[in-house]
Amino acid sequence: MKIGIVLYPTFGGSGVVATELGKALAKKGHEIHFITYSQPVRLGSFRENIYYHEVAVSDYPLFEYQPYETELASKMVDVVKYEKLDILHVHYAIPHASAAFMAKQILASQGIDIPFVTTLHGTDITLVGKDPSFEPVITFCLNQSDAVTAVSESLKKDTLEHFDTNREIHVIPNFIGIEEEDDAEHLLKIRRRYAADHERLLCHVSNFRKVKRVEDVLLTFALVQKEIPSKLLMVGDGPERVYLEKMCREHNLCDKVIFVGKVRDTKHVLAISDLFLLPSETESFGLAALEAMAVSVPVISSNTGGIPEVNTHGVSGYLSNVGDVQDMGANAIHILSDDQRLKDFKQAARKRAEDFRLENILPQYETLYREVLSLNK
Ligand code: GMT
């Protein structure tokens, strides 16, 4: 199939999922055309069957706000027409689904039929999408998409609750490529840059937005380090970072918390860690937690949204109510205070991650594309 994938090119989960999906489909022989405004961070180098089409964003002085949606729709028309695409798959509803709808109408007026699949990732529904300033457009686009997918049962439920739609929503969870474990000596060398051998290493990866409750990461760690010699790696960047750095100074934690900034591939930083913290306010799935589990790192998380569909309480980690840092701290100490227990949780986390193997999830998207294309004939 020739598939156009529209995505955000940044570090956010939706962009990561869309890029990894495209790469995996290309490996299976599909022709993939990524369409977005800059090179997706996870795209890597030149690969067979992968093409990238950049949407030029105009800087005409009249536009106080750039008409990105119009430029994206025009680019989609162009790519579908001249690359002869079979299907478009847009990740994150805003504004990708409405741009796809517009492109579809323009192409229909030229006798070209192009179906589009919309994948909902989370904040496009749970935070931004249900805001009255977006809601009518999102509802319309959900109803106009040829198929809609959501990354968890919880997101499906939220969508049906907040939007006036009774259309079928296919749940296709996030996925992970499970690889051989890295060379232990190599990992130890990296680990020693951040923690001594007698210390535990905790980790958090996100875009440091309010929804991630990064202050709870710090408060949980503050409890852990009182009981267990440990360090915390904070990976990523975003609006809450300055506030967090201030919090570290106030709690006298500057020598124990390391802000490493944005990291393109988080595999190594996760693999050297003993525990991953994800105390989010809302999280449709929690890809970061799955990425940690895939390299044998158990997860202390909140029990919100789709996280319980990924992190199994008492097996791959623990779940607590949003904001209950005392419980998160106690759970973290429980896992980290015993070598054998930590080892068991690590094994169980990896085992749970295997349920989300790329090989199991990819065919679900391929089947959906085929269904949509056959309905469209
Ligand atoms: O978590 C973010 O802020 C990024 C966001 C995105 O859309 O890029 O992530 C969302 O999509 C991911 C991939 O499907 C999910 O794993 C995340 O849980 C989801 N984030 C939220 O729901 C807050």
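Residues numbered from 1 in each chain as written. Predicted model: local features only at pLDDT ≥ 70, side-chain atom pairs only at ≥ 80, totals over all residues. Heavy atoms only, no water.

**Some remarks on the domain arrangement of the chain**
Then, in step 1: When its domains are assigned, the chain resolves into domain 1 (2–175 + 357–376) and domain 2 (184–356).
Then, in step 2: On a C-alpha basis, the centres of domain 1 and domain 2 stand 30 Å from each other.
Then, in step 3: Facing the 22 residues of domain 1 at the interface are 18 residues of domain 2.
Then, in step 4: Contact between domain 1 and domain 2 buries roughly 1,500 Å² in total, counting both sides, with carbon and sulfur atoms accounting for 56%.
Then, in step 5: Viewed at the interface, domain 2 and domain 1 are joined by one salt bridge.
Then, in step 6: For Glu291, the salt bridge is made with Arg42, and the minimal N-O distance between the two is 3.3 Å.
Then, in step 7: The interface formed by domain 1 and domain 2 holds eleven residue pairs in polar contact (both at pLDDT 80 or more) in total.
Then, in step 8: Broken down by class, the residue content of the side of domain 1 that touches domain 2 amounts to eleven nonpolar, eight polar and three charged. (Domains from an automatic or database assignment. Contact = heavy atoms within 4.5 Å. Buried area = accessible area lost by both parts, 1.4 Å probe. Salt bridge = Lys/Arg side-chain N within 4 Å of Asp/Glu carboxyl O. Polar contact = N/O pair within 3.5 Å; in protein donor to acceptor, adjacent residues only side chain to side chain. Nonpolar A, V, L, I, M, F, W, Y, C, P; charged D, E, K, R; others polar.)

**A look at the site of the ligand**
Then, in step 1: Neighbouring the ligand are 18 residues, the closest being Ser14, His121, Asn207, Lys212 and Glu283.
Then, in step 2: Residue Gly286 places a main-chain N or O atom 2.9 Å away from an oxygen atom belonging to the ligand.
Then, in step 3: Leu287 is positioned with one of its backbone polar atoms (N or O) 3.0 Å from an oxygen atom of the ligand.
Then, in step 4: Starting from 490 Å² of accessible surface for the ligand in isolation, the protein chains cover 94%.
Then, in step 5: The biggest single contributor to the shell around the ligand is helix α1 (residues 13–27), with three residues.
Then, in step 6: Structurally, the shell around the ligand is a two-domain feature, drawing no fewer than three residues from each of domain 1 (2–175 + 357–376) and domain 2 (184–356). (Near = heavy atom within 4 Å. Areas by Shrake-Rupley, 256 points an atom, 1.4 Å probe, with all protein chains shown as cover. Helix = DSSP H or I, 4+ residues; strand = E, 2+ residues; numbered from the N terminus.)

**Thoughts on the pattern of salt bridges**
Then, in step 1: The full count for this structure, using the stated rule, is 24 salt bridges.
Then, in step 2: Across the pair Glu20 and Lys23 runs a salt bridge whose closest N-O atoms are separated by 3.5 Å. Within this pair, Glu20 and its partner Lys23 are both found in helix α1, separated by three residues, close to a single helical turn.
Then, in step 3: Assessed through its relative accessible area of 24%, Glu20 is described here as partly exposed.
Then, in step 4: Asp339 is the salt-bridge partner of Arg200, the closest N and O atoms lying 2.7 Å from each other. Placement of the pair is Arg200 in strand β8 (residues 200–206) and Asp339 in helix α13 (residues 339–353), with a sequence separation of 139 residues.
Then, in step 5: Salt bridges linked by common partners bring Glu20, Lys23, Arg42 and Glu291 together as one network. (Buried < 20%, exposed > 50% of the residue type's maximum accessible area, 1.4 Å probe, protein only.)

**Some remarks on the environment of Arg200**
Then, in step 1: When its relative accessible area of 17% is taken as the criterion, Arg200 is described as buried.
Then, in step 2: With 74 residues separating them along the chain, Arg200 and Asp274 place their C-alpha atoms 6.3 Å apart.
Then, in step 3: Apart from the residues lying within four places of it in its own chain, the contact partners of Arg200 are Arg191, Ile228, Pro229, Ser230, Lys231, Asp274, Leu336, Asp338, Asp339 and Leu342.

**Observations concerning the packing of helix α8 (residues 214–227) against helix α9 (residues 241–250)**
Then, in step 1: For the pair α8 and α9, interaxial distance at closest approach is 10 Å and the crossing angle is 20°. One finds that α8 runs roughly parallel with respect to α9. In this structure, the crossing between α8 and α9 has a hand that is right-handed. Listed contacts from α9 to Val214, Glu215, Leu218 and Leu219 of α8 are Tyr243, Leu244, Met247 and Cys248. (Axes fitted to C-alpha atoms, helices over the stretch in contact; angles between N-to-C directions. Parallel < 35°, antiparallel > 145°, perpendicular 65-115°, else oblique. Left-handed = near helix turned anticlockwise from the far one by under 90°.)

**Focus on unusual backbone geometry**
Then, in step 1: Residues Ile94 and Pro95 are joined by a peptide bond in cis, for which omega reads -10°.
Then, in step 2: Along the polypeptide, Pro95 turns up in helix α3 (residues 93–108).
Then, in step 3: In this structure, Asn252 is a non-glycine residue whose phi angle is positive, near 55°.
Then, in step 4: Locating Asn252 in the fold gives a position in the loop between α9 and β10 (257–261).

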